[in-house]
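Secondary and tertiary structure notes
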Amino acid sequence: MTDCRKKPVKRATPVLPERAPVARPDPTPIILASGLDPGHVEAILRSYGLSRIQEADTNLQLMAGEPHQRHQLAGILPLLLEAIGRTADPDQALNHWERWLASGVSRSAILEYLRSSPRMLDLVSSIFGNSDSLAFTLVRDPLLIYWLAEQHVLSTAPTRVGMERTIRQQVGRVLAPELKLDALRRFRRREMLRIGVRDLLRLADVQETTASLSDLASILIDEAYRIVDTDLRAQYGIPMHKNRQGRWVETGFTVIGMGKLGGHELNYSSDVDVLYVCESHEGETRPVHSGRAKPKGPAQGGLSNEEYFELLARDLTKVLTEQTHEGYVYRVDLRLRAEGSVGQLTRSLDDYAKYYRTRGQVWERLSLLKAWPVAGSMTVGKAFVKMVQPFVLAPSSKRLDVEQGLAIVNEVRLVKEKIDAKMAERGHERRNVKLGVGGIREIEFFVQTIQVLAGNRVPALLDRSTLGALNRFVHLKLISGKERDALTSAYVFLRDVEHKLQMVHDLQTHSLPDQEDELERCAIRMGYDGADRPAALAQFQADHAAHRTLVHDIFRSFFDSPKTSAHFKATLRVAGTHPPTRAPKARKTPRKTR
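This report concerns the structure included in the present document.

Conventions we followed
The residue numbering used here restarts from 1 in each chain and proceeds along that chain's sequence as written. Reporting in this predicted model follows two pLDDT cut-offs: at least 70 for local features of residues, and 80 or more for side-chain atom pairs to be given and counted; totals over whole chains, interfaces and linings ignore these cut-offs and use all residues. In computing side-chain values, all of the structure's heavy atoms are included and hydrogens and water are not. Strands are runs of DSSP state E lasting at least two residues, helices are runs of H or I lasting at least four, and both sets are numbered from the N terminus onward. For this analysis, residues touch if any pair of their heavy atoms sits within 4.5 Å. To measure how exposed things are, a 1.4 Å probe is used in the Shrake-Rupley method; for residues, cover is taken only from the protein chains shown. Asp and Glu are treated as the negative residues and Lys and Arg as the positive ones, with His and the ends of the chain left uncounted. Just so you know, the charge point we use is NZ for Lys, CZ for Arg, CG for Asp and CD for Glu. Any residue with an atom within 4 Å of a point lines the site, the site being either a cavity, points on a 1 Å grid over the protein atoms alone where a 1.4 Å probe fits but cannot get out, or a pocket, an open set with protein on both sides within 12 Å along at least 5 of 7 lines. Grid points are joined across faces, edges and corners, and a volume is the space filled by probe spheres set on the points. Note on residue categories: nonpolar means Ala, Val, Leu, Ile, Met, Phe, Trp, Tyr, Cys or Pro, charged means Asp, Glu, Lys or Arg, and polar means any other residue, Gly included. Patches here are clusters of residues that have more than 30% relative accessible area and form no salt bridge, with a 9 Å joining cutoff for like charges and a 5 Å cutoff for nonpolar side chains (Val, Leu, Ile, Met, Phe, Trp, Tyr). Think of a salt bridge as a Lys or Arg side-chain nitrogen and an Asp or Glu carboxyl oxygen that are within 4 Å of each other. Residues belong to a common nonpolar core when they are buried Ala, Val, Leu, Ile, Met, Phe, Trp, Tyr or Cys residues joined through side-chain atoms within 4.5 Å. For the exposure calls, accessible area comes from a 1.4 Å probe over protein chains only, and a residue counts as buried if that area is under 20% of its type's maximum, exposed if over 50%, partly exposed in between. The aromatic pairing rule takes the rings of Phe, Tyr and Trp, using the six-membered ring of Trp, and pairs them if the centres are within 6.5 Å, calling planes under 30 degrees apart stacked, those over 60 edge-to-face and the rest tilted. Geometrically, a lysine NZ or arginine CZ counts as sitting over a ring once it is within 6 Å of the ring centre and also within 35 degrees of the ring normal. Think of each axis as a best-fit line through the C-alpha atoms, taken over the contacting stretch in the case of a helix, with angles from 0 to 180 degrees between the N-to-C directions. Any angle from 65 to 115 degrees is called roughly perpendicular, while one under 35 is roughly parallel, one over 145 is roughly antiparallel, and all others are oblique. Each crossing gets its hand from how the near helix is turned against the far one by less than a right angle, where anticlockwise is left-handed and clockwise is right-handed. In this description, strands pair whenever DSSP reports at least two bridges between them.

What to know about the overall build of the protein chain
If you tally the helices and strands in the protein chain, you get 24 helices and 8 strands. Projected onto its principal axes, the C-alpha positions of the protein chain cover 105 × 85 × 40 Å. In the protein chain, the proportion of contacts linking residues at least 24 apart, taken out of those at least 6 apart, comes to 73%. Of the roughly 27400 Å² of accessible surface on the protein chain, a fraction of 51% belongs to carbon and sulfur atoms. Separation of charge centres in the protein chain, based on 86 positive and 72 negative side chains, amounts to 8 Å.

Here it is in C-alpha cells:
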C-alpha cells in the first residue's frame, strides 16, 4: 500500500528552554505608567498574541497589586507575556494568571520566586495557556508550583511503585474512611497535574502518558476498594464459602478493568469501564475474631455472599464517583457487565461463565480481549481472564472454518456500521478521532478481530495493548513492518489529539471542534509550531486527514472485502485454515473499435 501522507511539520518541543525574547514593545508601561494611550496599550498586547485587549489590561492591573508588587510584576512581565504568547490560548492564560495570584498565595513571594526561576515562569504559563483543568488544579492549590519544581517530579516518569508507596503513606495518616477517600481525591489531582505537564511539555510520549494514567487509576481503585471492604468487614464480618474439601475459606473479590483501563491505555478523561467479580455467591459473612477489622457499635447480622458483594460493589462505585469538596476519583461505567445496566453489579465466576456460554455477544468478545484485574484479588481476577478465553477466542480444537471466520468479521463490521450511523447523525464522522471514519476504533477493531480469529491457536499474537499487538502481528507476518509503522503512527497521533482535547476541560470528548480558532489551539497543544498559526493548523489538518485515510483503507480492505483481503488470508493461514479460493477471473471481451 502506498503511503500518501505528507511528512508532518516539525513540532515545537517546549521543554522549558531558556529562550531569548523576540524583539517586541516593552509591556512594563502598561502597569507602571499612568494615562497610557489605549491605542498604545492595544498595540503592545496584540504583539504578544492577546486579542481580548480590555480583559487583558484589566487582568494585568489586578495582577499588579500594591506598588512593590507592581514593580515585581514589571520585572517578569516581558518573559511572562512571551511565554503565554507561545501557548494555545494567551488570553485564557492571563485569566488564570490573575486567578492564581489572587488565590491566597503570597504574591510578593511567588513573584520573587518566578523572577529567580524563569524556567518555572515558563512552565506556569504553559499550563495556564494550554489546559484549563490543569490550571484550576494549580489555582486551587498554588503551592503545588514548588512541588513541580522538585528534582525528579517532572524530569522522570511517575512509577507505579512510587505512587503506591506515596498513597499508602497519605491514607495511613488518617483513620476515618471519609478522610482516607479525600486523600485519594487529592492524590489524583496532584498526579494528574504531573502527568499532564509532562505530556504538554513533550517530556512524555503517548505510550508513557497512557501507562501512567492507567497505573494511577488502578492504584486509586484498589485503594478505594481496600477502604470500603475494610469498613464493611468491620460491620458484617468476612465473606466466606466452603471450598471443595468442605472447609470455610475467605471469598475473593476482584475489579476487572475493561477497555482502555484493562489495556493499560487510559485517557485523561476516560470513564473507567469495570466489572465486579466474586469467587463465589455461595456462603456468608462470618464474624471477625482478630485482625484490624473490628465491629462498629452493636454487632450487625451476617449477610449472604451475594448480598455482601453487591453492597461492596455499590459502595465502591459510590465512593469513586461521588463529588466532594476535594473533587472525585473516577467516573465509573458498569455497562459492560452481564446484562448491561440492568444486571447485578457483582457476579460470581460461575455466573459469568454461564452467561458468556449462553448469551455472550460479539462486542463482548472484543471488549474482553483487554480484560485484566486492576484491584482486589489477583487470583480471582486471573481466574476470570482464563475462564472467558474459550468464549472470546475462536475454538482451537478444530481448524477455524472459513465461513465461521467470515461471520465473525461480518458481525464486527455491523457493529461499526451502527457506530458510523450515529456519527453521521451528529456530523462527526470526520471530526471524531475515536469513533469516526479512520479513527482509533477502526484500528482497535482490526487488531481485536484478528486476535479473536486466531488467538486461541496462536497465543503469541495476543496482547492487551493495541501497539503491542501490532508488533506481534509483524512477527507472525500478519501485517508488514511498513503497515505496522503506519498504523502505529496513526494510533499515536489520534490518541495524542484525544488527550489534547480532553485535557482542556477534563471532559470526555473525542471530537475536534468545528471553529477554526479552536482547531488552531488544538494544533498548538499538539506541538505544531505556533510562530505561524495558520500554517500550523493547515499542517495539522493535513496530517490528520492522511492518518485517517490510511487507517480507513486498511479497515475497509479487511472488513468490506474479507475474501480478497491479504490480512484475512494471513489470519486464516496462522489459524491453520486454508483461505477461500478465488473464482477464476472472467476473460474480458475485447472492445470493438469504431
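Comments concerning the layout of surface pockets
For the largest pocket, the calculated volume is near 1400 Å³. As for the largest pocket, its lining consists of 35 residues, and the residues nearest its centre are L336, I419, K434, L435 and R441. Contributing elements (two or more residues each) for the lining of the largest pocket: α13 (259-262), α16 (362-368), α18 (402-426) and α19 (440-454). Considering each element in turn, the lining of the largest pocket owes the most residues, 8 residues, to α18. Tallied by class, the residues present in the lining of the largest pocket amount to 12 nonpolar, 10 polar and 13 charged.

Quick word on a negative patch on the surface
On the surface, E282, E306, E307 and D350 cluster together into a patch of negative charge. Following the sequence through the fold, E282 ends up in the loop between β4 (272-278) and β5 (284-286).

Comments concerning the nonpolar core
L80, W97, W100, I127 and Y276 are the most contacted members of the largest nonpolar core, which has 96 residues in total. If one sorts the elements of this core by residue count, helix α12 (residues 206-236) sits on top with 12 residues. Not counting chain neighbours up to four residues away, the residues in contact with L80 comprise M63, L73, L94, W97, L121 and S125. Within the second largest apolar cluster, 80 residues are counted, among which are L369, V388, L501 and F568.

Topic: helix α20 (residues 466-475)
Of all 10 residues in α20, 7 are buried, a share of seventy percent or more. Listing the buried residues of α20 in full gives T466, L467, G468, A469, L470, F473 and V474. The secondary structure elements touched by the buried residues of α20 are α12, α19 and α21 (481-505). Two residues or fewer past α20, K477 is found with a positive phi of approximately 60 degrees.

Concerning unusual backbone geometry
The residue H264 is not glycine, and still its phi comes out positive at about 65 degrees. With respect to the secondary-structure elements, H264 resides in the loop between α13 and β4. In the Ramachandran plot, E339 falls in the positive-phi region, its phi being about 65 degrees despite a non-glycine side chain. When you line up the elements, E339 lands in the loop between β6 (332-333) and β7 (346-348).

Description of the packing of aromatic side chains
Within this structure, the stated rule accounts for 18 aromatic pairs. Consider the rings of Y225 and F253, whose centres lie 5.6 Å apart with planes at 20 degrees: the pair is stacked. Of the two residues, Y225 is situated in helix α12 and F253 in strand β3 (residues 253-257); the sequence distance between them amounts to 28 residues. F253 matches Y225 in its accessibility class, with the two residues each being buried. Following the ring pairs from residue to residue traces out a cluster consisting of Y225, F253, Y276, Y308 and F309. Here the guanidinium or amino end of R365 rests over the ring plane of F391, the centre of that ring lying 6.0 Å away. Directly above the ring of F555 sits K416, whose terminal nitrogen or CZ lies 5.6 Å from the centroid.

Examining the environment of A353
With respect to the element layout, A353 can be found in helix α15 (residues 349-359). On the basis of relative accessible area, A353 is assigned to the buried category, the value being 19%. The spacing of A353 and R119 is 234 residues in sequence and 56 Å in space, taken between C-alpha atoms.

Quick notes on the packing of helix α4 (residues 67-85) against helix α7 (residues 118-130)
Two elements in contact, α4 and α7, have axes separated by 9 Å at closest approach and are oriented at 40 degrees. Classified by the interaxial angle, the pair formed by α4 and α7 is oblique. In terms of crossing hand, the pair formed by α4 and α7 is right-handed. Of the residues in α7, those in contact with I76, L79, L80, A83 and I84 of α4 are P118, L121, D122 and S125. By residue class, the composition of the contact of α4 with α7 is 7 nonpolar, 1 polar and 1 charged.

Quick word on empty space enclosed by the protein
All chains considered together, the criterion is met by 1 cavity of 30 Å³ or more. In this structure, the largest cavity occupies an estimated 40 Å³ of space. Lining the largest cavity are L369, K370, V447, Q448, Q451, D463, R464, S465, T466 and A469. Going through the elements one at a time, α19 and α20 are the ones with two or more residues in the lining of the largest cavity. The element that contributes the greatest number of residues to the lining of the largest cavity is α19, accounting for 3 residues.

Here's the deal with the sheet that holds strand β1 (residues 238-242)
Taken in spatial order, the 3 strands of this open sheet run β2-β1-β5, and their pairing is antiparallel. Two strands bound the open sheet, and with one partner strand each, they are β2 (248-250) and β5. Sheet twist, expressed as the mean angle between neighbouring strand axes with direction ignored, is 50 degrees. Pairing of β1 with β2 involves 3 bridges; the strand directions are antiparallel. Considered in β2, the bridge of H241 is made with V249. Most of the contacts of α12 go to β1, to which it runs at about 75 degrees, and overall it touches β1, β2 and β5. Against the sheet, helix α14 (residues 305-321) makes contact with β1 and β5, and its axis sits at roughly 140 degrees relative to β1, the strand it touches most.

Topic: the pattern of salt bridges
In total, this model carries 41 salt bridges according to the counting rule given. Close ionic contact of R194 with E191 constitutes a salt bridge, the shortest N to O distance being 2.9 Å. In this pair, R194 and E191 both sit in helix α11 (residues 177-200), 3 residues apart, roughly one turn of the helix. For the pair shown, R194 and E191 are each scored as buried. Members of the salt-bridge network, linked through shared partners, are D89, D517, E518 and R521.

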